[in-house]
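Chain by chain, the residues:
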Amino acid sequence: MKNKFVKILRVVAIVLMAMTAAMNILGGAGTTCVAFFTKNYPPYWVLIKPVDYRWLYQSFVITTLAIGIAGIAITIGLIRGGKHAYRNTLIVLVVGTVLNAIHYFTSLTVIGKAAPANVVFYINFLTLIVFLLFLIPSLRKKVNFTSGGKEADKTAGGGLAAMVTGTVILSTPMWVGASHVYMGSNWVNVLAWPIYISGTFLILGGMALLVRGAWVTHDQEIAGLEIRAL
């Protein structure tokens, strides 16, 4: 039971990290239109007058995308396991939480609303809290990110992470759409094809990894039975 609990806890942490990476990439990509093409979006002209905040939002785009990309690398590192995997995760999560907090509160102050920057901040903060829990000695001993574990466990963790990430990406129009509709036009549709293609690819890839993990587990169980029979 303890081993199963540890495996579940480890997978949950990896899935959260993958979701956080996806949210940062979506947040950075979603801010691109407003930051670089502000004049095309009347509700955001407040970023130009009376003070020009475009430079700040352009920096949000670059840093948030960078955090998202780093998050992908971190997720892969957690799945594979490594000496500095946990430390690197904390660094990325702390930086991501602080940057998204600045973005969140800046939008509240300048624009008067923060969606979906608030969601990106909440996800970063939640994942950071979960990983900070692993600093508790009793949990730290049980959940070890220095080792990737068995091949089946790594494959299952990677598969679930990919599926959750793909689901988050595909569902973007649903949880972002309401805040991006102007005069009947949904601005999320600008990124519709990248959203659908990447989301579908991740879900199908995740399913393939889960099937592979189940197959590896099956083979291991058969091999174990044969050894016992001998």
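Procedures and definitions
Residues numbered from 1 in each chain as written. Predicted model: local features only at pLDDT ≥ 70, side-chain atom pairs only at ≥ 80, totals over all residues. Heavy atoms only, no water. Phe/Tyr/Trp six-rings, centres within 6.5 Å; stacked < 30°, edge-to-face > 60°. Helix = DSSP H or I, 4+ residues; strand = E, 2+ residues; numbered from the N terminus. Buried < 20%, exposed > 50% of the residue type's maximum accessible area, 1.4 Å probe, protein only. Expected span 1.5 Å × (residues − 1). Patch = residues over 30% accessible without salt bridge, like charges linked within 9 Å, V, L, I, M, F, W, Y side chains within 5 Å. Areas by Shrake-Rupley, 256 points an atom, 1.4 Å probe, with all protein chains shown as cover. Salt bridge = Lys/Arg side-chain N within 4 Å of Asp/Glu carboxyl O. Contact = heavy atoms within 4.5 Å. Axes fitted to C-alpha atoms, helices over the stretch in contact; angles between N-to-C directions. Parallel < 35°, antiparallel > 145°, perpendicular 65-115°, else oblique. Left-handed = near helix turned anticlockwise from the far one by under 90°. Nonpolar A, V, L, I, M, F, W, Y, C, P; charged D, E, K, R; others polar. pLDDT = per-residue confidence, 0-100.

Colleague: Any details on the packing of aromatic side chains? Residues and values, ideally.
Modeller: For any pair of aromatic rings, the description rests on two quantities: the centre-to-centre distance and the angle between the ring planes. By the definition in use, this model includes twelve aromatic pairs. Consider the rings of Phe121 and Phe125, whose centres lie 6.1 Å apart with planes at 20°: the pair is stacked. With Phe121 and Phe125 both in helix α4 (residues 117-133), this residue pair falls four residues apart, about one helical turn. The class of Phe125 is partly exposed, set by a relative accessible area of 41%. Consider the rings of Phe134 and Phe145, whose centres lie 5.5 Å apart with planes at 65°: the pair is edge-to-face. With Phe134 in the loop between α4 and α5 (137-142) and Phe145 in the loop between α5 and α6 (151-170), this residue pair connects regions lying eleven residues apart in the sequence. The exposure class assigned to Phe134 is buried, which follows from its relative accessible area of 2%. Each residue in the set Tyr104, Phe105, Phe121, Tyr122 and Phe125 is aromatic and connected to the rest through ring pairs, giving one cluster.

Colleague: Requested: an account of helix α2 (residues 54-80), with residues and values cited.
Modeller: Compared with an ideal rise of 1.5 Å per residue, which puts 27 residues at 39 Å, α2 spans 39 Å between its outermost C-alpha atoms and is within 8% of the ideal. Those residues of α2 that fall on the buried side of the exposure criterion are Leu56, Tyr57, Phe60, Val61, Thr64, Ile67, Gly68, Gly71, Ile74, Thr75, Leu78 and Ile79.

Colleague: Could you give me a rundown of a nonpolar patch on the surface, with the residues and numbers involved?
Modeller: Where nonpolar side chains cluster on the molecular surface, the patch consists of Phe125, Ile129, Leu132, Leu133, Leu135 and Ile136 and spans about 490 Å² of accessible area. Among the secondary structure elements, Leu135 is positioned in the loop between α4 and α5. Leu135 gets classed as partly exposed once you look at its relative accessible area, which sits at 44%.

Colleague: Lay out the side chain of Thr31 in plain terms, naming residues and giving numbers.
Modeller: Along the chain, Thr31 turns up in helix α1 (residues 2-36). Sequence-distant contacts of Thr31, defined by excluding residues within four places in its chain, comprise Tyr57, Val61 and His103.

Colleague: How would you explain the packing of α2 against helix α3 (residues 85-110) if you had to name every residue and give the values?
Modeller: As a packed pair, α2 and α3 sit with axes 10 Å apart at the nearest point and diverge in direction by 155°. Accordingly, the angle class assigned to the pair α2 and α3 is roughly antiparallel. In terms of crossing hand, the pair formed by α2 and α3 is left-handed. Every residue of α3 that contacts α2 at Leu56, Tyr57, Phe60, Thr63, Thr64, Ile67, Ala70, Gly71, Ile74, Gly77 and Leu78 is listed here: Ala85, Asn88, Thr89, Val92, Val95, Gly96, Leu99, Asn100, Ile102, His103, Thr106 and Ser107. Looking at the contact of α2 with α3, its residues break down into twelve nonpolar, eleven polar and no charged.

Colleague: Let's hear about unusual backbone geometry: which residues, and what values?
Modeller: Here Lys49 and Pro50 are connected by a cis peptide whose omega angle stands at -5°. By secondary structure assignment, the location of Pro50 is in the loop between α1 and α2.

Colleague: Tell me about α4, and please be specific about residues and values.
Modeller: The first and last C-alpha atoms of α4 sit 25 Å apart over 17 residues, in line with the 24 Å expected at 1.5 Å per residue. Listing the buried residues of α4 in full gives Ala117, Asn118, Val120, Phe121, Ile123, Asn124, Thr127, Leu128, Val130 and Phe131.

Colleague: Help me get a handle on the confidence of the model for the chain, residues and values and all.
Modeller: Within the chain, residue pLDDT values average 80, and 80% of them lie at 70 or more. When pLDDT is averaged over each element of the chain, α3 comes out on top at 93 and strand β1 (residues 181-182) at the bottom at 54.

Colleague: Hey, could you go over the pattern of salt bridges for me, with residue numbers and the actual values?
Modeller: For the structure on display, the rule yields one salt bridge. Where Arg54 meets Asp52, a salt bridge forms, and the shortest distance between an N and an O atom there is 2.8 Å. Judged by its relative accessible area of 26%, Arg54 is partly exposed. On the basis of relative accessible area, Asp52 is assigned to the partly exposed category, the value being 32%.

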